[in-house]
Amino acid sequence: MTQNQLSSPPLDSIAETEVLVQLRAKVRGLLADVATPERLNKFDEEEKYDVEMYREIGRAGLISLGSDLNGAGPSHSAQAVVLEELGAGPTSIGVSMVVQYMGMQLLHSYANPEQRQNFLAPLHTGDAKMSFGLSEPGGGTDVARAMITNATKLEDGSYSISGQKKWIGGAMDADYIILLARTTPITRSAIDGITMFLVPRSTPGIHTEEIDTMGIRGLAQCDVYLEDVRIPAANILGEADKGFRQVLSTLNGERLNGAAVALGIARGALDCAVSWAQSREAFGRQIGSFQALQHSLVDCSVKIESARLLLQKAATTSDEGPDTNQTWSAMAKLAASDAATATTDAGMRVMAGWGFSRQLPMQRYFRDARLYTFAPLTDEMIRNNIGEKHLGLPRSF
């Protein structure tokens, strides 16, 4: 069996509005043409980003998703549809798109008219790609307190930025980085005194090095070194010293979008495993007829559809307004992460030695799924959040 024989669930098996059904069909149609198994395997093996596929997604309107340059960004529900389909196929592109949608949300929320024209407009069309520079070597969830990258205001009003960022996806070939740096020393709250800058990748003083990673090999994770990087005050995104608080407003959407890609990975892996179980024979019959194997795939299907319902609930409530209960997105991310890891593990067991073949996608799904056990927030921190916000338990960290 080859990757070309893998299928996707019929559109009528996914309960959505007609607009979203049409959007999903559009994404699937595009990916059927451009995301061939050979192409996906090529870029994963060569560990390169498929820039042309990203451009094709942009030309198809799947980045802007109909949003107006001077209005609000695309709906959470629409983003989730696109990202699930990408997760089930060109997963590395899907992970990259989570970052693009986050950048769009920040720009739609905080950019001035000139910034919208210079940075948001080319992002809408796929003519530009951005990276998000937050994480640092010494800080993960606690990055605000651990941040050593600093921006010093100069006499002419511009800023000099120096420091290091780590695990910055796509920084090698991004057109610009939305970068956070400390502009005021910590006094009371560590999340204050941090400013968000729009930093063109071509600015002198920026050096990137690729990190060799196990999964998401089609999107480079990078160390970004900054030495006296001069940025004009006009490139501050939003309000000085309030950048981290501005980023916090995007976390609900980032969790939703991470959940969507993880759901896509799980669905892609299940398609692969079921197709294999239907075509592979042992002891004179399909291995899918073996009860133990069948039960494992059924359990994965239940996890996937449970995650889908949570994701749809989270996206729908998020689209209703900014005061939505963000516990839904936390639950969706946790459920989708579990579905992805459980399904890829079961898929490897179903395919046995064939799962190890780098010509078949199961091993890629297995590797890529692990990202969402700790990104955009670790499952453990997600559980802490749900325990505090949903169950009313004492804060545990």
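Residues numbered from 1 in each chain as written. Predicted model: local features only at pLDDT ≥ 70, side-chain atom pairs only at ≥ 80, totals over all residues. Heavy atoms only, no water.

Caption draft 1: Structural view of the overall build of the chain. Counting secondary structure elements, the chain contains 13 helices and nine strands. Over its C-alpha atoms the chain spans a radius of gyration of 21 Å, differing by no more than 12% from the 21 Å that the globule rule assigns to 397 residues. Over its C-alpha atoms, taken along the principal directions, the chain stretches across nearly 80 × 45 × 40 Å. Burial status across the chain gives 55% buried among its 397 residues. Contacts spanning at least 24 positions in sequence make up 73% of the contacts within the chain whose residues lie at least 6 apart. As presented, the chain carries roughly 17,300 Å² of accessible surface, and 53% of it is formed by carbon and sulfur atoms. Charge-centre separation for the chain: the mean point of 37 positive side chains lies 3 Å from the mean point of 46 negative side chains. (Helix = DSSP H or I, 4+ residues; strand = E, 2+ residues; numbered from the N terminus. Rg over C-alpha atoms; globule rule 2.2 N^0.38 Å. Buried < 20%, exposed > 50% of the residue type's maximum accessible area, 1.4 Å probe, protein only. Contact = heavy atoms within 4.5 Å. Areas by Shrake-Rupley, 256 points an atom, 1.4 Å probe, with all protein chains shown as cover. Lys, Arg positive; Asp, Glu negative; His and termini not counted. Charge placed at Lys NZ, Arg CZ, Asp CG, Glu CD.)

Caption draft 2: Up close: the environment of Arg280. Assignment of secondary structure puts Arg280 in the loop between helix H9 (251–279) and strand E8 (281–282). A relative accessible area of 38% means that Arg280 is categorised as partly exposed. In this structure the C-alpha to C-alpha distance between Arg280 and Thr344, which are 64 residues apart in sequence, comes to 18 Å. With sequence-adjacent residues up to four places away left out, Arg280 is seen in contact with Arg285, Gln286, Ile287 and Trp354.

Caption draft 3: Molecular detail of the packing of aromatic side chains. Per the stated rule, a full pass over the model turns up four aromatic pairs. We note Arg370 situated over the ring of Phe366; from NZ or CZ to the ring centre the distance is 3.9 Å. (Phe/Tyr/Trp six-rings, centres within 6.5 Å; stacked < 30°, edge-to-face > 60°. Lys NZ or Arg CZ within 6 Å of the ring centre and 35° of its normal.)

Caption draft 4: The confidence of the model for the chain, seen in detail. Mean pLDDT over the chain: 94, with 97% of residues reaching 70 or higher. Low pLDDT (under 50) marks residues 1–6, which in the prediction has 18 contacts with non-local residues, meaning those over four places away or in another chain. (pLDDT = per-residue confidence, 0-100.)

Caption draft 5: Molecular detail of the nonpolar core. Counting residues in hydrophobic clusters, the biggest one holds 93 residues, and the most contacted among them are Leu23, Leu107, Phe132, Ile178 and Leu180. The dominant element in this core, judged by the number of residues it contributes, is H9, at 14 residues. Sequence-distant contacts of Leu23, defined by excluding residues within four places in its chain, comprise Leu62, Leu65, Ala78, Val81 and Val82. Counting 18 residues, the second-largest nonpolar core is a separate cluster that includes Leu179, Phe197, Cys222 and Val229. (Core = buried A, V, L, I, M, F, W, Y, C linked by side-chain atoms within 4.5 Å.)

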